[in-house]
Amino acid sequence: MMEIPPKRPVRFFNTTGPCRPWDHYMLPPADRLVGAQLDRYIRDQLYWVLHAPRQTGKTTFLQDWARKINAGGEAVACYVSLEACQGITDRAEAIRTISASICSSASISKLPIPKLPRDETEVLIKDTMQKWAEMVSPKPLIVFFDEADVLVGEPLISFLRQLRKGFADRGPGKFPISLALVGLRDLRDYITAAKDGVSPNPGSPFNIKSDSVFIPNFTKQDIAALFAQRTEETGQKITTEALEYVYELSWGQPWMVNSLFQRATMRVLREDDYQTVTYDHIHTARQQMVAARETHLDSLLERLREPKIRNVVESIMIGNIDPNITRYNRDIEFAIDIGLIKWNTETGFTIANPIYTEMFTRLLNSGYHDNMPPPSIWKWQKPDGKLDMDSLLKEFQRFWRRFSEIWEQKTDYTEAFPHLLLTAFLQRLTNSHGRIEHESAAGRGRMDIFVEYEGDKFIIEIKLLRSYDTPKEVLEEGLEQIAAYRDKAAPGAPAYLMIFDRRDEAKQKSWDERISWETEGEITVVRC
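Residues numbered from 1 in each chain as written. Predicted model: local features only at pLDDT ≥ 70, side-chain atom pairs only at ≥ 80, totals over all residues. Heavy atoms only, no water.

Participant: How should the overall build of the protein be read in this particular structure?
Facilitator: Looking only at helices and strands, the protein has 19 helices and 13 strands in total. Considering only C-alpha atoms, the protein reaches an extent of 85 × 55 × 35 Å along its principal axes. Considering the protein as a whole, with its 528 residues, one finds that 54% of them fall into the buried category. The long-range fraction of contacts in the protein, counting pairs at least 24 apart against all pairs at least 6 apart in sequence, stands at 70%. Carbon and sulfur atoms form 48% of the exposed surface of the protein, whose accessible area is close to 23,600 Å². Averaging the positions of the 68 positive and the 75 negative side-chain charges in the protein gives two centres separated by 3 Å. (Helix = DSSP H or I, 4+ residues; strand = E, 2+ residues; numbered from the N terminus. Buried < 20%, exposed > 50% of the residue type's maximum accessible area, 1.4 Å probe, protein only. Contact = heavy atoms within 4.5 Å. Areas by Shrake-Rupley, 256 points an atom, 1.4 Å probe, with all protein chains shown as cover. Lys, Arg positive; Asp, Glu negative; His and termini not counted. Charge placed at Lys NZ, Arg CZ, Asp CG, Glu CD.)

Okay, structure coming up:
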């Protein structure tokens, strides 16, 4: 069995690979599982499924639990990653690769290695697991297969069938008594995909699972408890405002929480500087994270190019009402399972957290942002260096008039084009001296934007005028919505209602008729 190293004098917040309690600050992994009955899975010899988005703590939990089981001495547990099977569609090759992964994991864990000839791939996994159980007897064997979702098609079906064949005879010295399959999504989704969209039935290859367990995001209490470990080790504290801001930015996504804490304590502040972490330190950490586009974020951003993801994200960005966007839609389930979006009764469907919203917007509007003229040619600053929002949005109207029709022809996100172009314009000017927050959700019919620049706050709301709307209805609804958002986000701040006319008939009008600037009480109405 592997020996557990001594604990470091000062640990750190980890963002690369599984957390290890002797090196990293971490919450008790087993406490975070929703619906799990871990002791029962072993006592009653059950097979089960664990699913959650990437970078939420699945591997950390599996390795931690395997160490605890092995330390107890009553059973033998091993963590096996199937990542090496990524992209393998040939059944025989995939089964041989799984067998090799089992042997490699056994070696790393200093367990007996169940090496067998790899000719009979139809029974290789079953035979390997049987031999392994014999080698560790009289103790029972427990196996955790991580990254099980890399298996597709025939390799997945063959793997599951071989496990099912051994399941009936499971027991010490015979076959693993308990086994977990772990990945991004529940197992039924992969079986459905492997069967060309046909849902699982009683004859499915893994109808022996007893449970599906999910790992949720951190709660506010979890985030505070995580940083409290650093306070205990170093004396470094964090303000309540900073903790609230971490939750506001991340909505508890574990990798993001650790990244913000790591940057604040090791980059924004020196590693040996234990002064109290404040809101400003977290804000700087957030800017660093967005600029760095780390691997975890990049892998999610690539998903935005997939048509099924584009349809979901675009509807959320523009606040569109689409009856096809339901929690029972496969594309929606997929987007939720991989952590791109979330749903709850209060907000409906939204992007998973504000940092993802900013990253998605920056990726989608990067072509516009990077090709805009330098800010120095526009009139947008007051003599004292403050932001002149009136002048800035009038500059945008001129920009929209000149470039929108050409640039729109080159976008995949046609419906969200006004939103993306305006946010690119704002980001181009406020990059280093301000911040922009976006708020949108499917069914709201708008996107709200909060801008802060050199201490001044501004509210912008984007509304689309479509063929089924009347200008009066959109105006009245927009005025009511922006007033409510301003009262919540920045009471008394200057507010601008941006209305983009997307009707076909609008394109027949001259630009002088389409572009206007007016006021409605305390709200400035900007038409494009």
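Participant: Is there a simple way to think about the sheet that holds strand E1 (residues 47-51) in this case?
Facilitator: Hydrogen bonds along the backbone pair up the strands of a sheet, which may run parallel or antiparallel. The five strands lie next to each other as E2-E3-E4-E1-E5, forming an open sheet whose pairing is parallel. On the outer flanks of this sheet lie strand E2 (76-81) and strand E5 (209-214), each paired with one strand and no other. Direction aside, the axes of adjacent strands within the sheet are offset by 15° on average. In the packing of helix H4 (residues 124-136) onto the sheet, the strands contacted are E2, strand E3 (141-146) and strand E4 (178-183), and the crossing angle to E3 comes to about 135°. Each of E1, E3 and E4 is contacted by helix H5 (residues 153-167), which is oriented at about 160° to E4, the strand it contacts most. (Pairing = 2+ DSSP bridges. Axes fitted to C-alpha atoms, helices over the stretch in contact; angles between N-to-C directions.)

Participant: Hey, could you run me through helix H7 (residues 220-234) in this one?
Facilitator: An α-helical turn contains 3.6 residues, so a residue and the one three or four places further along point in the same direction. The end-to-end C-alpha separation of H7 is 22 Å, in line with the 21 Å expected for 15 residues at 1.5 Å each. For H7, every residue scored as buried is listed here: Ile223, Leu226, Phe227, Gln229, Arg230 and Thr234. Looking at the packing, one finds that the buried side of H7 touches helix H8 (240-250) and helix H9 (254-268). One or two steps after H7, the chain reaches glycine 235, where phi turns positive at roughly 85°. (Expected span 1.5 Å × (residues − 1).)

Participant: How should I be thinking about the pattern of salt bridges in this particular structure?
Facilitator: Considering all chains together, one arrives at 28 salt bridges under this definition. Here glutamate 233 and lysine 7 are joined by a salt bridge, their closest N and O atoms 3.7 Å apart. You can see glutamate 233 sitting in helix H7 and its partner lysine 7 sitting in the segment before helix H1 (38-43), a full 226 residues away along the chain. Taking the relative accessible area as the measure of exposure, lysine 7 reaches 52% and is therefore exposed. For the salt bridge of aspartate 512 with arginine 401, the shortest nitrogen-to-oxygen distance reads 2.8 Å. Here the residue aspartate 512 occupies a position in helix H19 (residues 511-514), and arginine 401 occupies one in helix H16 (residues 389-408), the gap between them amounting to 111 residues. (Salt bridge = Lys/Arg side-chain N within 4 Å of Asp/Glu carboxyl O.)

Participant: Is there a simple way to explain the side chain of serine 158 in this structure?
Facilitator: Within the secondary structure, serine 158 sits in helix H5. Ignoring any residue separated from it by four or fewer positions in sequence, one finds serine 158 in contact with Arg91 and Ile95.

Participant: Any chance you could explain unusual backbone geometry here in plain terms?
Facilitator: Most peptide bonds take the trans form, and the phi angle of most residues other than glycine is negative. The omega torsion across serine 137 and proline 138 is 15°, close enough to zero to call that bond cis. Along the chain, proline 138 falls in the loop between H4 and E3. Although it is not a glycine, glutamate 147 adopts a positive phi angle of roughly 60°. Relative to the helices and strands, glutamate 147 resides in the loop between E3 and H5. A positive phi is found at glutamate 454, a non-glycine position, where the angle reads about 50°. Relative to the helices and strands, glutamate 454 resides in the loop between strand E9 (447-453) and strand E10 (456-465). Classification of glutamate 454 by relative accessible area gives partly exposed; the value is 40%.

Participant: Where do I start with the packing of H4 against H5 in this structure?
Facilitator: Relative to each other, H4 and H5 sit at 45°, their axes nearing to 8 Å. The orientation of H4 with respect to H5, classified from their angle, is oblique. Where H4 crosses over H5, the two elements pack in a sense that is right-handed. For the pair H4 and H5, contact is made by Leu124, Ile125, Lys126 and Met129 and by Phe159, Gln162, Leu163, Lys165 and Gly166, respectively. Here the residues of the contact of H4 with H5 sort into five nonpolar, two polar and two charged. (Parallel < 35°, antiparallel > 145°, perpendicular 65-115°, else oblique. Left-handed = near helix turned anticlockwise from the far one by under 90°. Nonpolar A, V, L, I, M, F, W, Y, C, P; charged D, E, K, R; others polar.)

Participant: Explanation requested: the nonpolar core in the structure shown.
Facilitator: A general trend in soluble globular proteins is that nonpolar side chains are found buried together. The biggest cluster of nonpolar side chains holds 90 residues, and the ones touching the most others in it are Phe261, Ile282 and Ile460. Considering each element in turn, this core owes the most residues, eight residues, to helix H17 (residues 417-430). Counting 32 residues, the second largest nonpolar core, distinct from the first, contains Val80, Ile98, Phe145 and Phe167. (Core = buried A, V, L, I, M, F, W, Y, C linked by side-chain atoms within 4.5 Å.)

Participant: What am I meant to see in the packing of helix H10 (residues 279-292) against helix H14 (residues 354-364) here?
Facilitator: Helix-helix packing is characterised by the crossing angle of the two axes and by the distance between the axes. Between H10 and H14, the least distance of the axes is 10 Å, while the angle of their chain directions is 40°. Relative to H14, the element H10 is oriented oblique. Where H10 crosses over H14, the two elements pack in a sense that is right-handed. Residues Arg286, Met289 and Val290 of H10 touch H14, and the partners they reach there are Ile355, Glu358, Met359 and Arg362. Residue composition of the contact of H10 with H14, by class: four nonpolar, no polar and three charged.

In short, geometric facts, not functional conclusions.
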